[in-house]
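# Summary of the model geometry
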Amino acid sequence: MFSNIWTVVGHRVELPEMLAGRERRAAKQQEFREKNTGTLVCFTMNIAGPVKVFPLMEEVFLQTADEICSRLWRQGFSIRDKKTDFCSYGWEAYFAVDGEPDAVKRCLLELEEKDPAGRLYDIDVLRMDGSKVSRTELGYSPRTCLICGKEAADCARNRTHSVEELQLKTVELLLTSLRRKSVSSRLIGRLCYQAMLLEVYTTPKPGLVDRNNNGAHKDMDVALFEKSAEVLEPFFIRFAETGKELYEEAAENILRCIRPIGVEAEEAMFEATGGVNTHKGMIFSMGILAAAAGYCMGRRGKERVTLSGIISKAGLIAAPAWKYDFTYVQAKEEKTAGEKQFCQYGIGGIRQEAALGFPSVGRYSWPIISQALDQGIDYNQAGSLALLNLIAHVTDTNMIARSSVEVHRELQEKIRKMLSAPEGVRESQVRELDEEFIRLNVSPGGCADLLALTYFLYEISCLGV
């Protein structure tokens, strides 16, 4: 059992949009048939719940669309034309195929039957007159329910199963399918994006932007974080792709190759946010993890991909930033806030954290997140508690910069006492803590970044690496 964090992020489709989408799909099928002769194949996916498009679904859809082309080619069918529409109510792929409709349908039914996620595939094969070739015409039984194995139409009509049950089963099938395939750089970047949104949506969070308020920030809100995350997603894909391409290099050499991407990402972020620093620290830490994940995927043929391996490689990639960036910092006239804290207190900040393989994540947030989500506990509760544990134990340079070392330590001690209480932490206590952080103008931005990294690592772990 695991918590369904996969459909928290994404556009929620309401019934009118879904019905309008069906009409548009029928019109597009008609237009495609008029443009092309032969058999029309229309591929969509049956996704339960209001969020129809999310990273797992996208990856399986794209890989399956490629597999449809490969299967048709291997069976001797030629594809005259193909088109993909990335609709908010569900992605659609169209193929104009030279071949007898029944034979094309039989070829693609094998894909539906053999793929773990095949039950989610809706591969319609249409004749020139617009009629569909049905499963039963070819001797196959009707589609069965995801949950109980009975006829799907009956369960849908009677609403036998809850949307949550169907969503969890859908995600389970998608994950099972992906574990048998490769993980693309695109998916890694999408998971980085989703993890960033999961972090900002986690509520309540003391001093931080969340769905309740803007925390100790007057220039940020959830909408700005969403905009920033969207702009940064392509750069995380590039981090992963660069790591994948350089899989034969020593991991320690990767940083110099991805740093220019990070510079571009920062410029894009500031342009999108009007100069507000929403994710500068995240670009560094999440960028290193994305590159490490891509690097390990590239080395798949040489060594087994594991979560611990990705974290270890991230440490090696980040090591030069810790080893060399602070070497001559004492002599610099203008220092960043992190460099000043290193000179004054010896605090290594995120460079040291990354170079050591993010030990704070492994020690303080990963045990809470992984155990809670695996048990089906809501991601919001798990994330809020994990963040408190991070704040209580991690030296957050952002908190110190906005207050002092003394205030930081006092707040840590207060949270540690809350966490050690036999009755546990109540949401009302976290809201009160939020008010105190806002009054003190303190924001644990470093710990927020570590929470996002924890979400990303949990997503990666669910892929079976």
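Here goes a summary of the coordinates provided. (Residues numbered from 1 in each chain as written. Predicted model: local features only at pLDDT ≥ 70, side-chain atom pairs only at ≥ 80, totals over all residues. Heavy atoms only, no water.)

With that settled, consider the pairing of strand E2 (residues 78-85). Inspection of the sheet shows E2 paired to strand E3 (residues 92-98) by seven bridges, in the antiparallel sense. The residue of E3 that forms the bridge with Lys82 is Phe95. From the end of E2 to the start of E3, which pair antiparallel, there are six residues, and Gly90 there has a positive phi angle of about 140°. (Pairing = 2+ DSSP bridges. Helix = DSSP H or I, 4+ residues; strand = E, 2+ residues; numbered from the N terminus.)

On to the packing of helix H13 (residues 359-374) against helix H18 (residues 445-462), then. Helix packing for two helices is described by the angle between their axes and how far apart those axes are. The interhelical angle for the contact between H13 and H18, taken along N-to-C directions, is 55°, at an axis separation of 10 Å. Between H13 and H18, the angle is such that the two are oblique. Of the two possible hands of crossing, H13 and H18 adopt the one that is right-handed. Seen from H13, the contacting residues are Ser360, Val361, Ser365, Trp366, Ile369, Ser370, Leu373 and Asp374; seen from H18, they are Leu450, Leu451, Thr454, Tyr455, Leu457, Tyr458 and Ser461. Residues belonging to the contact of H13 with H18 are distributed by class as follows: nine nonpolar, five polar and one charged. (Axes fitted to C-alpha atoms, helices over the stretch in contact; angles between N-to-C directions. Parallel < 35°, antiparallel > 145°, perpendicular 65-115°, else oblique. Left-handed = near helix turned anticlockwise from the far one by under 90°. Contact = heavy atoms within 4.5 Å. Nonpolar A, V, L, I, M, F, W, Y, C, P; charged D, E, K, R; others polar.)

Further remarks concern the packing of aromatic side chains. Throughout the structure, instances matching the rule amount to eight aromatic pairs. For the pair Phe61 and Trp91, a centre-to-centre distance of 5.7 Å together with 90° between the ring planes defines the contact as edge-to-face. Taken together, the residues Phe61 in helix H2 (residues 55-74) and Trp91 in the loop between E2 and E3 connect sequence positions 30 residues apart. Taken individually, Phe61 and Trp91 each receive the classification buried, so the pair is uniform in this respect. An aromatic cluster is defined as three or more aromatic residues linked by ring pairs; in this entry it consists of Phe43, Phe61, Phe86, Trp91 and Tyr121. (Phe/Tyr/Trp six-rings, centres within 6.5 Å; stacked < 30°, edge-to-face > 60°. Buried < 20%, exposed > 50% of the residue type's maximum accessible area, 1.4 Å probe, protein only.)

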